[in-house]
Amino acid sequence: MARSFAQLARTAEQGHRSVHVPKEPLDQPPLTIHRLGAKELRTAARRISKVDEAVRDLARSMLLSMYAARGIGLAAPQVGVPKQLLVIDLDIEEAATPPMVFINPEITATGAALTTYEEGCLSIPKVYLDVVRPAEVELSYRDEQGRPRRLKADGLLARCIQHEMDHLNGVLFVDHVTDALSLNEELQQHGFERDHVQSIR
Ligand code: NI
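Residues numbered from 1 in each chain as written. Predicted model: local features only at pLDDT ≥ 70, side-chain atom pairs only at ≥ 80, totals over all residues. Heavy atoms only, no water.

## Remarks on the layout of surface pockets
Going by this rule: Only protein atoms enter the 1 Å grid used here. Points where a 1.4 Å probe fits but cannot escape make up a cavity, open sets with protein on both sides within 12 Å along at least five of seven lines make up a pocket, and a residue lines them when an atom lies within 4 Å of a point. Grid points are joined across faces, edges and corners, and a volume is the space filled by probe spheres set on the points. Counting from the N terminus, the helices are the DSSP runs of H or I reaching at least four residues and the strands are the DSSP runs of E reaching at least two. Amino acids outside the nonpolar list (Ala, Val, Leu, Ile, Met, Phe, Trp, Tyr, Cys, Pro) and the charged list (Asp, Glu, Lys, Arg) are all regarded as polar, and Gly is one of them.
Quantified by volume, the largest pocket comes out at close to 550 Å³. Taken together, 26 residues form the lining of the largest pocket, with Gly71, Ile72, Gly120, Cys121 and Leu122 sitting closest to its centre. Sorting the residues of the lining of the largest pocket by element identifies strand 4 (114-119) and helix 3 (155-168) as the ones contributing at least two each. In terms of residue count, the dominant contributor to the lining of the largest pocket is helix 3 (5 residues). Split into classes, the residues belonging to the lining of the largest pocket amount to 12 nonpolar, 7 polar and 7 charged. Lining the second largest pocket are 14 residues, and of these Pro98, Pro99, Met100, Val101 and Glu144 lie nearest its centre. Each residue belonging to the lining of the second largest pocket can be placed in one class, and the counts come to 7 nonpolar, 3 polar and 4 charged.

Here it is in structure tokens:
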């Protein structure tokens, strides 16, 4: 069935405003993801004052780079852009599910319950270690259209949001790891230096 002209026009408009890109992994993604040891990962990100097409373009490029690496979250500092922008997609195998974009996110409340989960990061490939974080968070942010939004998240989404928001402050998940023995072992095994970790505790 052919789509009507009105439908085509609507699709074009959505295509213009939306950041939804194909999820098939590209051989040559548009952006390079910096790795542990790069100073870009330790730089605090600035707020975005205007959500415009340039911001959406950056989000699209970040998504393409994230899908290429089969990741579920990416923060702008990881691609060398010190801006408060995150992209998250917990459903990378499902083409129809739109990704989430968080601009200037702020945690407004955290649940009292803590939970342990094995995290990884596209900036520290193959390293997976347990991190303790609040199980639930509430946040405010702007979406890719610049609309103010609020969200209460739990489970993997809450975990991913907290991990990505750390990147906006130059913090990496390995900084949270309390098991020093496992940390040293994992980093060494995958070619990373312990000196590049800035332990929080
Ligand atoms: Ni990360």
